[in-house]
Amino acid sequence: MASISQAYSFLGQFHLQRVSILAIYNTRNVRNVHDGAIDCSSSKSRMYNPMLRLPAMAAKASRYNCRSLRTSSEAAAGAVTAKPSPVRKESLKEFSEIPGPSPLPLVGNTLFIVTHKEFDPSNYYKFWGALVQEYGSIFKLHNIGMPPIVGTTNPDDIEVFLKSTLENPIRLGFDSLKSVRLRAKDNYFDKKTGLLPENGDEWWRLRSRVQVPLLRPKNVAMYLPAVDGATNKFMDRIDLLQAETGQVPADFLQELYKWALECIGLVALNRELGCLEPNISPDALPVQLIRHVNDLFSALNETEMNFHLWKFFRTASYTKLETSHAAFLELAAGAMREAEARLEEAKATGDPDRQLTIMETFLNTEGLSRSDVATMILDMLFAGIDTTSHTVGFALYLLARNPEVQRSLQRQVDAVVRRGEPLTPEHLAALSCIVNAVKETLRLYPLTFGNARVLTHDVVMSGYKVPAGMLAMGFNAVISRMEEYFPRPLEFLPERWQRDRPYGAIHPFASLPFSHGTRMCIGKRLAEQEIYTFLIRMLQKYTVTFESDEEMEVKTQLVLKPATQLAFKFHPRN
């Protein structure tokens, strides 16, 4: 399932006049509240292909109480990073003093947003980065139909608001998915809609019962042989894909979707879907499922990110979402019937040593109804495809652009795993270099822009009083490219995550790809296992290059997605 998936630690919604902006959220623990100037600028690019150009803010730094961030070369020459000092109660500033555009009566800042030169519904990263440039490390926005937003690029602030909401982590978003389930035929879901859309007591009722099976290492490890088998099959498929032109086709991202769907099918449904078979009929189930996956992603993007017209009448995108959801529900219901039959057979034969699958565990869990299990399986399927696929695509790109890093990883993989040897949890544990490479990939290409929560208590952020009811948003995608928190921020340096932290300490709230706490990505370990397996098998068999001079461009489709063609060539290793 996807890294990021809550199946992905998912989305907060920023609803505008014609757009809702989504961000991921989860809970964390606080230390002390800090204020003080923080770096609000970018450094010159030293990586071949930066994802986004964070705006230079030196000229406006003093105006917004943000110390100018120097370039990498200037930092190497002796730049000094000031430490934030603790906030004293008497120095706290009022909420009204937080910088931000002036709201208009009734519409707030909606017109400001939709007319902003950097506002682009296909790439919200540009817009949020521009606001940081204009208003500094903390700012506020007022919009119709939602709480006022307080945005921050201070990791201490993120720590504060995630910890303060630990007991009741409220996030916005997935209204259209919730609506589809509430309107389901014959009240199939019993008016319950699953982990992704729910909040409050209903969310915790479900989360508390499913998190142990999904996060227990033993449960995750039981799927490693199946995931490894599917990944080896995909490696063989790469040879077939490259047979005609010598490199993978232009739609290679679709091929990664097939791999991810096959893997999550093995985990969530306990069955092979056949997505990686060499010659599949256009009418075969795997092809239909891939079509439904693409339709579902595009429909969710339209219903969640655009003005919610579907609340007033059934739009084309809402109908497409219903159709794709129904197709996956049929698949999940069939798998549940098979699991129930296996459970009955096991009860009859009395096999005490048989390890239950994740679905069987759900079905056997007291307090989980059949409809609860259905929503969990659906959310695992939905959240386990695009996130893992996109992460692998970005990782391959970074390895191709950094051949020395790729060679180093190949040497370490070769020293641990023999060719043809089945992968084991011990192999994964011994390859911390792969773990670090994935962390660095998600730092440079975070699948969501940050974390967010509706505040349930008054808090202090960067020295400002922020009352309960506000929507706090932490822009980790900006933070992860700030020199203050990540020296040489635009370079792909997996070794920065080593235990000895060769580039300095890393703030625990500066990069949160899976978030943290009670609402962290519930599929985190499953997603990591899939991504690690893919990279290990690829590095064993191939050296990957990027056959294009284009820089990696990205776009927003619920989560960050490669917009540049994945022009990879996989060279077999001797």
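None of these values were measured; they are calculated from a predicted model.

Thoughts on the overall build of the protein
Phase 1 of the analysis: Along the protein, the regular secondary structure elements total 19 helices and twelve strands.
Phase 2 of the analysis: Buried residues in the protein amount to 60% of all 574 residues.
Phase 3 of the analysis: When contacts within the protein are restricted to residue pairs at least 6 apart in sequence, those whose partners lie at least 24 apart make up 77%.
Phase 4 of the analysis: As displayed, the protein has an accessible area near 22,300 Å², and 51% of this comes from carbon and sulfur atoms.

Let's talk about the pattern of salt bridges
Phase 1 of the analysis: This structure, assessed with the given rule, holds 26 salt bridges.
Phase 2 of the analysis: A salt bridge links Arg181 to Asp379; the shortest N-O distance between them is 2.8 Å. Of this pair, Arg181 sits in helix H5 (residues 175-182) while Asp379 sits in helix H13 (residues 370-383), and the two are 198 residues apart along the sequence.
Phase 3 of the analysis: A salt bridge links Arg314 to Glu322, with the shortest nitrogen-to-oxygen separation between them at 3.0 Å.

Some details on the UniProt feature "binding site: heme" (unreviewed entry) in the protein
Phase 1 of the analysis: Listed under "binding site: heme" (unreviewed entry) in the UniProt record, and renumbered for this structure, are Cys521.
Phase 2 of the analysis: Its location among the elements puts Cys521 in the loop between helix H18 (476-479) and helix H19 (524-541).
Phase 3 of the analysis: On the basis of relative accessibility, which here comes to 0%, the residue Cys521 falls in the buried class.

Quick look at the sheet that holds strand S4 (residues 149-152)
Phase 1 of the analysis: Spatial ordering of the open sheet is given by S3-S4-S8-S5, a layout of four strands whose pairing is mixed. The outermost strands of the open sheet, each flanked by one partner alone, are strand S3 (138-141) and strand S5 (451-454). Ignoring which end each strand starts from, the neighbouring axes of this sheet average 20° apart.
Phase 2 of the analysis: Across the face of the sheet, helix H3 (residues 124-135) comes into contact with S3 and strand S8 (471-474) while running at roughly 115° to S3.
Phase 3 of the analysis: Across the sheet, helix H4 (residues 155-164) is in contact with S3, S4, S5 and S8; its angle to S5 comes to roughly 40°.

Regarding the packing of helix H10 (residues 285-305) against helix H11 (residues 316-349)
Phase 1 of the analysis: In contact at an axis separation of 8 Å, H10 and H11 are set at 140° when each is read in the N-to-C sense. On the basis of the axis angle, H10 is oblique to H11. By crossing handedness, the relation of H10 to H11 is classed as left-handed. Between H10 and H11, the residues in contact are Leu285, Leu289, His292, Val293, Asp295, Leu296, Ser298, Ala299, Leu300, Glu302 and Thr303 and Ser317, Tyr318, Lys320, Leu321, Thr323, Ser324, His325, Ala327, Phe328 and Leu331, respectively.
Phase 2 of the analysis: For the contact of H10 with H11, the class distribution of residues is eleven nonpolar, seven polar and three charged.

Here's the deal with the side chain of Ser462
Phase 1 of the analysis: Tracing the backbone through its elements, the reader meets Ser462 in the loop between strand S6 (459-461) and strand S7 (464-466).
Phase 2 of the analysis: Among the polar contacts made by the side chain of Ser462, one reaches the side chain of Asn154 at a distance of 3.4 Å.

Things to note about unusual backbone geometry
Most peptide bonds adopt trans geometry, and most residues besides glycine take a negative phi value.
Phase 1 of the analysis: Residues other than glycine seldom take positive phi values, yet Leu106 does so here, at roughly 70°.
Phase 2 of the analysis: Along the polypeptide, Leu106 turns up in the loop between helix H1 (72-76) and helix H2 (110-114).
Phase 3 of the analysis: The exposure class of Leu106 is exposed, given its relative accessible area of 83%.
Phase 4 of the analysis: Unusually for a residue other than glycine, Leu558 sits at a positive phi of about 65°.
Phase 5 of the analysis: If you trace the backbone, Leu558 turns up in the loop between strand S10 (554-557) and strand S11 (559-562).
Phase 6 of the analysis: A relative accessible area of 3% places Leu558 in the buried class.

Some points on H5
Phase 1 of the analysis: Every buried residue of H5 is listed here: Ser176, Leu177, Ser179, Val180 and Arg181.
Phase 2 of the analysis: Along its buried surface, H5 packs onto H10, H11 and H13.

Comments concerning H3
Phase 1 of the analysis: In this model H3 runs 17 Å from its N-terminal to its C-terminal C-alpha over twelve residues, within 8% of the 16 Å that 1.5 Å per residue would give.
Phase 2 of the analysis: The buried count for H3 comes to ten of twelve residues, which makes it a mostly enclosed element.
Phase 3 of the analysis: Along H3, the positions that sit buried rather than exposed are Tyr124, Tyr125, Phe127, Trp128, Gly129, Ala130, Leu131, Val132, Glu134 and Tyr135.
Phase 4 of the analysis: N-cap assignment for H3: the residue whose side-chain oxygen lies 3.2 Å from the backbone N of Tyr125 is Asn123.
Phase 5 of the analysis: Positive phi appears at Gly136, one or two residues downstream of H3, with a value of about 100°.

Considering the side chain of Ser548
Phase 1 of the analysis: Relative to the helices and strands, Ser548 is located in the loop between strand S9 (542-546) and S10.
Phase 2 of the analysis: Look at Ser548 and you get buried, because its relative accessible area is 17%.

Quick word on the packing of helix H9 (residues 252-268) against H19
Phase 1 of the analysis: Running from N to C, H9 and H19 cross one another at 130°; their axes reach a closest spacing of 11 Å. As summarised for this structure, H9 and H19 are arranged oblique, according to the angle between their axes. Where H9 crosses over H19, the handedness of that crossing is right-handed. From H9, Leu256, Trp259, Cys263, Ile264 and Val267 reach across to H19, where they touch Leu526, Glu530 and Phe534.
Phase 2 of the analysis: Along the lines of polarity and charge, the residues of the contact of H9 with H19 split into seven nonpolar, no polar and one charged.

Section: a nonpolar patch on the surface
Phase 1 of the analysis: Residues Phe307, Leu309, Phe312 and Phe313 make up a contiguous nonpolar surface patch of roughly 420 Å² in combined accessible area.
Phase 2 of the analysis: Within the element layout of this structure, Phe313 appears in the loop between H10 and H11.

Side note on the packing of aromatic side chains
The description of an aromatic ring pair uses the distance of the two centres, along with the angle that the planes make with each other.
Phase 1 of the analysis: A complete count under the given rule lists 26 aromatic pairs for this structure.
Phase 2 of the analysis: With a centroid separation of 5.6 Å and 10° between ring planes, the pair formed by Phe139 and Phe475 is classed as stacked. Here Phe139 is found in strand S3, whereas its partner Phe475 is found in the loop between S8 and H18, with 336 residues between them in sequence. Comparing Phe139 with Phe475, the two get one shared label, buried.
Phase 3 of the analysis: A centroid spacing of 6.1 Å and a plane angle of 45° characterise the contact between Phe486 and Trp497, whose relative ring orientation is tilted. Of this pair, Phe486 sits in the loop between H18 and H19 while Trp497 sits in the loop between H18 and H19, and the two are eleven residues apart along the sequence.
Phase 4 of the analysis: Here Phe486 falls in the buried class, since its relative accessible area comes to 0%.
Phase 5 of the analysis: Judged by relative accessible area, Trp497 falls into the buried class, the value being 10%.

Reading the values: rules and limits
Residues numbered from 1 in each chain as written. Predicted model: local features only at pLDDT ≥ 70, side-chain atom pairs only at ≥ 80, totals over all residues. Heavy atoms only, no water. Helix = DSSP H or I, 4+ residues; strand = E, 2+ residues; numbered from the N terminus. Buried < 20%, exposed > 50% of the residue type's maximum accessible area, 1.4 Å probe, protein only. Contact = heavy atoms within 4.5 Å. Areas by Shrake-Rupley, 256 points an atom, 1.4 Å probe, with all protein chains shown as cover. Salt bridge = Lys/Arg side-chain N within 4 Å of Asp/Glu carboxyl O. UniProt positions renumbered as here; feature names shortened; annotations may be inferred. Pairing = 2+ DSSP bridges. Axes fitted to C-alpha atoms, helices over the stretch in contact; angles between N-to-C directions. Parallel < 35°, antiparallel > 145°, perpendicular 65-115°, else oblique. Left-handed = near helix turned anticlockwise from the far one by under 90°. Nonpolar A, V, L, I, M, F, W, Y, C, P; charged D, E, K, R; others polar. Polar contact = N/O pair within 3.5 Å; in protein donor to acceptor, adjacent residues only side chain to side chain. Expected span 1.5 Å × (residues − 1). Patch = residues over 30% accessible without salt bridge, like charges linked within 9 Å, V, L, I, M, F, W, Y side chains within 5 Å. Phe/Tyr/Trp six-rings, centres within 6.5 Å; stacked < 30°, edge-to-face > 60°.

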